[in-house]
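What follows is each chain in one-letter form.
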Amino acid sequence: MSRERALLMAEDSTGGRHEPPGSQWYDNEAGPLVRPYAMTGGRTKPGPSGVRFDLIALVSLGTGAPGADDDTSLGPEHRALIELCRDETQSVAELAAGADLPVGVVRVLLGDLLELARVTVSRPVPPARLPDERILREVIEGLRAL
Amino acid sequence: MVSEPSDEDGDTGALALKILVAGGFGVGKTTLVGAVSEIRPLRTEELLSEVGQSVDDTDGVDHKVTTTVAMDFGRITIRSGLSLYLFGTPGQDRFWFLWDELAQGALGAVVLADTRRLQDCFPAVDYFEHRHIPFVVAVNCFAGARAYGAHDVSRALDLDQGTPVVLCDARDRDSGKEVLIRLVEYAGRMYTARLLDSVS
């Protein structure tokens, strides 16, 4: 589905007349179920850049990243991701595990952060261009030394 | 010709490499990842609705299926700015589409095999062979399983000549390291051979 359609539907479904999706309580113990893509405003793909971040794409804080608390336009999940990158560069997979969010959701949120220049994301290794011999040798020596 | 690594690769200059660990259900994929990883294996979840997004979407967001499939992964830091990520592939065949994403840009794969049910690793062997992704077969030597030699396993799996078969204990760190070393060596040989092919 296009981003626009997803957004429209997300808006429509929270528009008041009918209940927002996932708001029903299953039982008292479970609490309200929030559909994962509610955190992304219904979007299932990252913003205009349209990049699909690889699981091992590395995410670092952007040069001009303000403190997470300074920006109220960011949701708690956005801020959680920023906090996770604060100490060290993280892969997309690690961010998803660290924030306890599905990878697809993390990709959308990262797209937002990338657009706002809060983070930088490394490009994945293109399939036809794998690391040169020197890197591979380094990996082998590193493994031996473990 | 050896090209100098350029800084235009990614803003951080850091490099991450991906190795897949495949094989049948319960063959020890997560055990192997855990044995060599410096972090406790982490679990990431992929939403099935997301991967199916190009073909579904007749019902709108309200009815999106939100089944998840979990992938376990671990990390080995070779040095600052160079790390290896190991991903256990989802066991069930119906998650093939996730393999495509995982395999994208992967350095290579380890196919774990159990000689008591060798057929469980056929799909993984086929998958990597067809896509020309370098892989090694690691036979997880379970206690009580009859011991077969690497050559027997290679023949039983009808592997392409040169595909390494390693006997291992997935619980053992050194054994796991050895498997990874064999894979990286083999991947290096494969890529070099391909490079030579392309220039000759």
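This report concerns the structure included in the present document. Keep in mind that this is a model prediction, so the values were computed, not measured.

Observations concerning unusual backbone geometry
Even without being a glycine, D100 of chain A presents a positive backbone phi close to 55°. Looking at D100 of chain A, the number of C-beta atoms within 10 Å reads 11, which means it is exposed. The backbone phi angle of D158 of chain B is positive, close to 55°, even though this residue is not glycine. Judged by local crowding, D158 of chain B falls into the exposed class, with 9 C-beta atoms found within 10 Å.

Thoughts on the environment of V153 of chain B
All names here are of chain B. Among the structural elements, V153 can be located in helix α5 (residues 150-156). As for V153 and A113, which are separated by 40 residues in sequence, their C-alpha atoms are 9.1 Å apart. Leaving out residues up to four positions away in the same chain, V153 has contacts with A113, T115, V137, V139, Y148 and V165.

A word on the environment of F95 of chain B
Residue and element names in this part refer to chain B. Note on placement: F95 falls in the loop between β4 (82-88) and α3 (96-103). By the C-beta count within 10 Å, which is 16 here, F95 ends up partly exposed. Between the C-alpha atoms of F95 and V69, which are 26 residues apart in sequence, the distance is 8.2 Å. For F95, the contacting residues outside a window of four places in its chain are V69 and P90.

Quick notes on the rules
Residues numbered from 1 in each chain as written. Chains lettered and ligands numbered in written order. Predicted model: local features only at pLDDT ≥ 70, side-chain atom pairs only at ≥ 80, totals over all residues. Buried ≥ 20, exposed ≤ 12 C-beta atoms within 10 Å, placed from the backbone. Helix = DSSP H or I, 4+ residues; strand = E, 2+ residues; numbered from the N terminus. Contact = placed C-beta atoms within 7 Å.

As far as function goes, none of this settles anything; it's purely spatial.
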